[in-house]
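Summary of the model geometry
Single-letter residue listing:
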Amino acid sequence: MARMTSLIVADRGQDARTVHLIDPAGFDAWLSARPSPIRAVLAAQRFAPKAGRVAILPDEGDDWSAVTVVADTGRLTPWCLAHLPPVLPPGSYRVDGGDVRQALLGWATAQYRFTRYRKADDDAPRVLLTDAVAHIDEVLRQAAAIAWVRDLVNTPAGDLGPAELADVARQLGERHGATVSVIAGRDLERGYPMIHSVGKAAAKGREPRLIELEWGNPAHPRVALVGKGVCFDTGGLDIKPTAGMKLMKKDMGGAAHALALAGLVMETHLPVRLHLLIPAVENAVSGDAFRPGDVLDTRKGLTVENTNTDAEGRLVLGDALTKACEGRPELLIDFATLTGAARVALGPDLPATFANDEALATDLLAAGITEHDPLWRMPLWDAYDEQLKSDIADMINAPEGGMAGAVTAALFLRRFVDPGIVWAHLDTFAWRAAARPGRAKGGEAYGLRAAWRLLRDRYAGK
């Protein structure tokens, strides 16, 4: 992440190799203006004007430049240049042939490497010189936030349990002068009983925690962020099969998103009163594990019949959302890797987005479109609320049958959001199974930039 600051810099006439940016419609005209040796090189390489193609072009002496094709030079996306850093040699480059402001982010994120456990094959940066000076700082902030989400999600649970996640929040708070407090272990029993119940089976040193960060001027609008921090999810006594458990280090992806978004808020001094809450647990199996059929107390005062110990994320979020609402925030957003049902419905790229306020839903989806970080709205369908009925408690946590699983999970969370609190819930996957330009395989930030754009649009001018 530290290297992000050197990937994009202001163009002050430094020496750099040229990247010719063209699109299929303009390729023939561009090619006809090239000298015959260049045309011969491209013909020898069988270069076709298809998006993503790259060729190295000889110049005078030993110098060279490159040419690449994008779908439309007039409508660049963040990922239009992202295929270049992996194939270009280290060095400095400037682009000729388009306004690259929209494509700067992909240039940076394409150079992400998770190197905690092995050295990167090539750690030398590819630096892009640009005239879009006003955009550099914001792009690099976003790239660093994305890299941080990826780092946290990629880190195995053995090295990132509840205690380590609390340390991450403390370090973030120290950087920005925030107040961070942590309630751990049996101290959670009375105030946050669901968080305690889910996490109490974990080994010594991996006890459950509620992590809380406060920052900003109390006179500013209060914004609460909640992130699901299940550092590893075995499924509990309703244990997952091997295939379902192997990626469960990513089950704290919601916490990673909330931490990264909080970092953006504080780094830019957004005029809000920030309240960050992360219930951090390991859903482990031991003699002390909570059981199917147990009735759990909650901070809200409701009782929950636990019908599935693998539906634990909504339990820990319930207590955290209750706490967030006690501060009466103007806006409440939670991030969670909550349901497989959301992935079945929408795949990995589209976080299932629920909101109890039409203006918030409209603004959040519009922000996703603007930032090329798309969301998809799902309904808080009142008719399905009856599926949460219990014969012996106020509610259950997981209806039988599995139908509309993402919706019923969101309806469960809604029970812990006070009336009048404007709230959005993002059920995000936090993982990319196959690499794409600018987006490495592994941990991934989905919905982070959309939420950040929403906050900037709402509060930056206040």
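What follows covers a nonpolar patch on the surface. On the surface, a cluster of nonpolar side chains totalling about 260 Å² of accessible area is made up of Leu-237, Ile-239 and Val-285. In this fold, Val-285 is placed in the loop between strand S11 (273–283) and strand S12 (295–297).

Backbone geometry at Arg-46 places phi at a positive 50°, although glycine is not the residue there. Mapped onto the elements of the fold, Arg-46 is located in the loop between helix H2 (36–44) and strand S3 (54–58). Given a relative accessible area of 74%, Arg-46 falls into the exposed group. Here Arg-328, not a glycine, exhibits a phi torsion of approximately 50°, which is positive. Relative to the helices and strands, Arg-328 is located in the loop between helix H10 (313–326) and strand S14 (331–336).

So, on to the sheet that holds strand S2 (residues 17–22). The six strands are arranged S1-S6-S5-S2-S4-S3 in an open sheet whose pairing can be described as mixed. Of all strands in the sheet, those bounded by a partner on one side alone are strand S1 (8–10) and S3. For this sheet the average axis-to-axis angle between neighbouring strands, irrespective of direction, equals 30°. Together, S3 and strand S4 (64–69) form the strand contacts of H2, whose direction differs from that of S3 by roughly 145°. Its contacts with the sheet place helix H4 (residues 133–154) against S1 and strand S6 (126–130), and it is angled at close to 155° to S1.

All right, on to the pattern of salt bridges then. On inspection of all chains with the given rule, the structure shows 32 salt bridges. In this structure, Lys-228 engages Glu-312 in a salt bridge whose closest nitrogen and oxygen atoms are separated by 3.9 Å. Here Lys-228 is found in the loop between strand S9 (222–227) and strand S10 (229–233), whereas its partner Glu-312 is found in the loop between strand S13 (303–305) and H10, with 84 residues between them in sequence. By relative accessible area, Glu-312 is classed as buried at 1%. A salt bridge links Arg-343 to Asp-427; the nearest nitrogen and oxygen atoms lie 2.5 Å apart. Here Arg-343 is found in helix H11 (residues 340–346), whereas its partner Asp-427 is found in strand S18 (residues 423–427), with 84 residues between them in sequence. Taking the relative accessible area as the measure of exposure, Arg-343 reaches 14% and is therefore buried. The network of salt bridges with common partners includes Glu-138, Arg-141, Glu-371, Arg-453, Arg-456 and Asp-457.

Time to look at the packing of H4 against helix H14 (residues 448–459). How two helices pack is summed up by the angle between their axes together with the distance between the axes. Closest axis-to-axis distance for the H4/H14 pair is 11 Å, and the angle between their directions is 135°. Judged by the angle between their axes, H4 and H14 are oblique. Seen along the crossing, H4 lies across H14 with a hand that is right-handed. In contact with Glu-138, Gln-142, Ala-145, Ile-146 and Val-149 of H4, H14 contributes Leu-448, Arg-449, Trp-452 and Arg-456.

Taking 1.5 Å of rise per residue, 15 residues should cover 21 Å, and helix H5 (residues 162–176) covers 22 Å from first to last C-alpha, within 8% of that figure. Each element contacted by the buried residues of H5 is listed here: H4, strand S7 (179–184), strand S8 (209–215), S10, helix H9 (253–267) and S11. Downstream of H5 by a residue or two, Gly-177 has a phi angle that is positive, lying close to 70°.

Turning next to the pairing of S14. Counted residue by residue, S14 has six buried out of six residues, so it is predominantly covered. The alternating pattern of S14 places Leu-331, Ile-333 and Phe-335 and Leu-332, Asp-334 and Ala-336 on opposite faces, both of which are buried. For S9 and S14, the ladder comprises five bridges, and the chain directions are parallel. Its bridge partner being in S14, Val-226 is matched across the sheet by Asp-334.

All right, on to the environment of Leu-129 then. Along the chain, Leu-129 turns up in strand S6. As for Leu-129 and Gln-14, which are separated by 115 residues in sequence, their C-alpha atoms are 8.2 Å apart.

As summarised here, the arrangement of the three strands in space is S12-S13-S17, forming an open sheet in which the pairing is mixed. Edge positions in the sheet fall to S12 and strand S17 (395–396), since each has one partner strand and no second. With two bridges joining them, S13 and S17 adopt parallel strand pairing. Among the inter-strand pairings, Glu-305 is bridged to a residue of S17, identified as Ile-396.

At their nearest, the axes of H9 and H14 sit 10 Å apart, and the two run at 35° to each other. Between H9 and H14 lies a crossing whose hand is right-handed. For the pair H9 and H14, the contacting residues are His-257, Ala-260, Leu-261, Leu-264 and Val-265 in the first and Leu-448, Ala-451, Trp-452 and Leu-455 in the second. Residue composition of the contact of H9 with H14, by class: eight nonpolar, one polar and no charged.

In this fold, Arg-209 is placed in strand S8. Looking at Arg-209, its side chain comes within polar contact range of the main-chain oxygen of Glu-207, at 2.5 Å. Apart from the residues within four sequence positions on either side, Arg-209 is in contact with Pro-162, Ala-163, Ala-166, Val-182, Ile-183, Ala-184, Leu-188, Ile-195, Ile-278, Pro-279 and Ala-280.

Approximately 730 Å³ is the volume attributed to the largest pocket. Looking at the largest pocket, it is lined by 33 residues, and the ones nearest its centre are Asp-310, Arg-314, Leu-338, Thr-339 and Gly-340. Elements supplying a minimum of two residues to the lining of the largest pocket: helix H8 (242–245), H10, H11 and helix H13 (405–414). Residue classes in the lining of the largest pocket are distributed as 10 nonpolar, 13 polar and 10 charged.

What counts, and at which threshold
Every chain is numbered independently, its residues counted from 1 as its sequence is written. pLDDT decides what is reported in this predicted model: residues at 70 or higher carry local features, side-chain atom pairs at 80 or more are listed and counted, and totals for whole chains, interfaces and linings draw on all residues regardless. As a convention, hydrogens and water are excluded, and side-chain values are obtained from all of the structure's heavy atoms. Each patch is built from salt-bridge-free residues with over 30% relative accessible area, joining like charges within 9 Å and nonpolar side chains (Val, Leu, Ile, Met, Phe, Trp, Tyr) within 5 Å. Only the protein chains shown count as cover for residues, with accessible areas throughout obtained via the Shrake-Rupley method and a probe of 1.4 Å. Here a salt bridge means any side-chain nitrogen of Lys or Arg lying within 4 Å of a carboxyl oxygen belonging to Asp or Glu. Numbering of helices and strands runs from the N terminus; a helix is a DSSP stretch of H or I covering at least four residues, while a strand is a stretch of E covering at least two. Burial status follows relative accessibility: with a 1.4 Å probe on protein chains alone, a residue under 20% of its type maximum counts as buried, one over 50% as exposed, and anything between as partly exposed. Here a strand pair is declared whenever DSSP counts at least two bridges between the two strands. With axes taken as lines fitted to C-alpha atoms, and helix axes fitted only over the stretch in contact, angles between N-to-C directions fall between 0 and 180 degrees. Contacts between residues were defined by any pair of non-hydrogen atoms, one from each residue, lying within 4.5 Å. Orientation categories follow fixed angle ranges, with anything under 35 degrees roughly parallel, anything over 145 roughly antiparallel, 65 to 115 roughly perpendicular, and all other angles oblique. What makes a crossing left-handed is the near helix being turned counterclockwise from the far one by less than a right angle; a clockwise turn instead makes it right-handed. To estimate the expected span of a helix, count its residues, drop one, and scale the result by 1.5 Å. Gly falls in the polar group here, along with every residue not listed as nonpolar (Ala, Val, Leu, Ile, Met, Phe, Trp, Tyr, Cys, Pro) or charged (Asp, Glu, Lys, Arg). For the purposes of these results, a polar contact is taken to be a pair of N or O atoms within 3.5 Å, where, inside protein, one atom must be able to donate a hydrogen and its partner to accept one; residues adjacent in sequence count only when each atom of the pair is a side-chain atom. Both cavities and pockets are sets of points on a 1 Å grid over the protein atoms alone; in a cavity a 1.4 Å probe fits but cannot get out, in a pocket the set is open with protein on both sides within 12 Å along at least five of seven lines, and lining residues sit with an atom within 4 Å of a point. Grid points are joined across faces, edges and corners, and a volume is the space filled by probe spheres set on the points.

By themselves, these observations are geometric and do not establish any function.
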